[in-house]
Amino acid sequence: MFILFLFVHLLSNKADASRGLLLDPRALNDSCDDINNCRRMFDIVWGCLTTIFACTWVSVHPNVPPLDPNPPDSFWPKLKWRIIVTTGPFWRRLKLMLITVIAPELMVGFAARQFMVARGFSIEFNISRTHGYFISMGGFVAGTGGHPIATRDLVCEHIADIVKVQEKTIKDKSKGDALSKGVALLQGLWFVTQCLARAVQHLPVTELEVATLAFAVVNVFIWVLWWEKPLDVQDPIAIGYGEEVSEVHSPVLSWKDRLFALIGTFPEDYNPVSSNSVPSFWAVSEADDDEGKYTDIPGITEFIVGSVFGAIHCAAWYASFPSSDEMWMWRSCAVSVTAIPLLGLIALAIVWRIEGNSTIFRAVALPVFVLSILLYIVARLFLIILPFTALRALPPGAFVDVDWNLYLPHF
């Protein structure tokens, strides 16, 4: 992180030293005549990075991590145990944050699945939606250090003890509230307002700002879906009776199961009864979703949000690029990210119509689907790299700040 900030600072100094060559006399005299009307490259990059961090760090809500039932009693072992426990949940949240930056539409789908599950449990068992989220995230365990109550059958077995836990007790375990989430939301809205004001005043919006705008808009979906989900809970709530375990045994899944769990399928090698925590992307078991009610709508949401994410990048269609090659790479990647999810949604609808014809699916639909996913990943990687490469030759107007006095009433 320090190296990144140093690199941005050097770019800022270089840009400041060369602005006399980049800016025309009209821009220097009329728009950027003092420090109040100007911004540096460091200001642009810092504003984008802080917005992305604030949006993603607060929006991600990890599931409850495993808890060591027998922590050491002596000071130094306890210190070591605390370092391990602190590092573990931190890494889990950081991992979700990185996935949100790389593939925010997948995180929206995960949030939508847990929202549907929490809503379903809330209606079926007459509990609050917060209770439903806590069940889906592995917050309730049977006995001290027992298995998570994360399936419908287990909920039916322990529902009498679950309803005894008050909603405020669950919220007290949350590390975030409406104020902290509201501050991050205001940061995102302020950034969106700045971008809109620059567009209204015909000031250039850099490619990095457009990419940040896309992240801010997509994270709004995550905020809304996870608004009632407890944030960064470290310890589960033990209810009822359950077999105690002598050592921590987290769910061990293969890389294939982890990948497919992220995109909405069910891990085959996981059983809540044989573990003391749920996987990172656990929402509901396959037996509880036999009709697809918890996966169909979130899957459609992923495609729509992915298309919206690409469409926002198309806003920089006529932006200034360092070269024509980069301009066409940006345009083609933005169009690909916008169109591929929509085409994928249409393809899935066609597959559902011909569900019984597996030969057609394997011969045509599956290869096209795999190629589309690969093309989508490549396009997304270019849309992450190109905004930073474009910083080497920003247009003069990009350093002109928004004139907020135009929106103040004059008497």
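Residues numbered from 1 in each chain as written. Predicted model: local features only at pLDDT ≥ 70, side-chain atom pairs only at ≥ 80, totals over all residues. Heavy atoms only, no water.

A count of helices and strands for the protein gives 14 helices and 2 strands. Each of the 411 residues in the protein was classed as buried or not, and the buried ones make up 45%. Per element, the accessible surface of the protein, about 21600 Å² overall, is 65% carbon and sulfur. (Helix = DSSP H or I, 4+ residues; strand = E, 2+ residues; numbered from the N terminus. Buried < 20%, exposed > 50% of the residue type's maximum accessible area, 1.4 Å probe, protein only. Areas by Shrake-Rupley, 256 points an atom, 1.4 Å probe, with all protein chains shown as cover.)

For the rest of this paragraph, the subject is helix H10 (residues 207–225). Between its terminal C-alpha atoms H10 stretches 28 Å, which fits the 27 Å expected from 19 residues at 1.5 Å a residue. Most of H10 sits inside the fold, with 15 of its 19 residues counted as buried. (Expected span 1.5 Å × (residues − 1).)

So, about unusual backbone geometry. A positive phi angle is found at His202, which is not glycine, with a value near 60°. Of note, His202 is situated in the loop between helix H9 (178–200) and H10. The exposure class assigned to His202 is exposed, which follows from its relative accessible area of 72%.

Another point: the pattern of salt bridges. Applying the stated rule across the entire model yields 9 salt bridges. For the salt bridge of Asp43 with Arg40, the shortest nitrogen-to-oxygen distance reads 3.7 Å. Linking Arg129 and Glu228 is a salt bridge whose minimum nitrogen-to-oxygen distance equals 3.4 Å. Of this pair, Arg129 sits in helix H6 (residues 129–136) while Glu228 sits in the loop between H10 and strand E2 (237–239), placing them 99 residues apart in sequence. When its relative accessible area of 28% is taken as the criterion, Arg129 is described as partly exposed. (Salt bridge = Lys/Arg side-chain N within 4 Å of Asp/Glu carboxyl O.)

What follows deals with the packing of helix H5 (residues 104–125) against H6. Contact geometry for H5 and H6: axes closest at 7 Å, N-to-C directions at 120°. If you check the angle between H5 and H6, you find them oblique. Relative to H6, H5 is oriented so that their crossing is right-handed. Seen from H5, the contacting residues are Gln114, Phe115, Val117, Ala118, Arg119, Phe121 and Ser122; seen from H6, they are Arg129, Gly132, Tyr133, Ile135 and Ser136. Per-class residue counts for the contact of H5 with H6 are 6 nonpolar, 4 polar and 2 charged. (Axes fitted to C-alpha atoms, helices over the stretch in contact; angles between N-to-C directions. Parallel < 35°, antiparallel > 145°, perpendicular 65-115°, else oblique. Left-handed = near helix turned anticlockwise from the far one by under 90°. Contact = heavy atoms within 4.5 Å. Nonpolar A, V, L, I, M, F, W, Y, C, P; charged D, E, K, R; others polar.)

Let's shift gears to the nonpolar core. Side chains of nonpolar character tend, in soluble globular proteins, to be buried together. In this structure, Met107, Trp226, Trp330 and Leu394 are the most contacted members of the largest nonpolar core, which totals 47 residues. The set of elements that each furnish at least two residues to this core consists of helix H3 (41–59), helix H4 (75–102), H5, H9, H10, helix H12 (296–313), helix H13 (324–353) and helix H14 (358–389). A total of 8 residues in this core trace back to one element, the largest contributor, which is H10. Ignoring sequence-local partners within four residues, the contact set of Trp330 consists of Glu207, Val210, His313, Ala316, Phe321, Leu383, Leu386 and Pro387. One finds Phe121, Phe125, Met137 and Val165 within the second-largest nonpolar core, a separate group that totals 22 residues. (Core = buried A, V, L, I, M, F, W, Y, C linked by side-chain atoms within 4.5 Å.)

Once that is clear, we can look at a nonpolar patch on the surface. A contiguous nonpolar patch, built from Ile102, Phe369, Val370, Leu371, Ile373, Leu374, Ile377, Leu381, Ile384, Ile385 and Phe388 and spanning about 970 Å² of accessible area, is present on the exposed surface. With 10 residues, H14 is the largest single contributor of residues to the nonpolar patch. Among the structural elements, Phe369 can be located in helix H14. In this structure Phe369 comes out as partly exposed when scored by relative accessible area, which is 40%. (Patch = residues over 30% accessible without salt bridge, like charges linked within 9 Å, V, L, I, M, F, W, Y side chains within 5 Å.)

Under the 1.5 Å per step criterion, the end-to-end length of H5 is 31 Å for 22 residues, consistent within 8% with the ideal 32 Å. Within H5, 18 of the 22 residues are buried, which leaves it mostly tucked inside the rest of the structure. Note on H5: the residue one or two positions beyond its end, Asn126, has a positive phi of about 55°.

As annotated in UniProt, the feature "transmembrane region" (unreviewed entry) corresponds to residues 208–226, 303–321, 333–354 and 360–383 in the numbering used here. Taken end to end, residues 208–226 comprises 95% helix and 0% strand; its first and last C-alpha atoms sit 27 Å apart. Annotated as 58% helix and 0% strand, the span residues 303–321 places its first and last C-alpha atoms 29 Å apart. (UniProt positions renumbered as here; feature names shortened; annotations may be inferred.)

The subject of this paragraph is the packing of aromatic side chains. On inspection of all chains with the given rule, the structure shows 9 aromatic pairs. Plain terms: the ring middles of Phe53 and Trp57 are 5.7 Å apart, the flat faces sit at 10° to each other, and that makes the pair stacked. Placement of both Phe53 and Trp57 in helix H3 is noted, with a separation of 4 residues, approximately one turn of the helix. Relative to Phe309, the ring of Phe215 has its centre 5.3 Å away and its plane inclined at 70°; by these criteria the two rings are edge-to-face. Within this pair, whereas Phe215 is found in helix H10, its partner Phe309 is found in helix H12, the two being separated by 94 residues in sequence. A single burial state applies to Phe215 and to Phe309, both of which are buried. (Phe/Tyr/Trp six-rings, centres within 6.5 Å; stacked < 30°, edge-to-face > 60°.)

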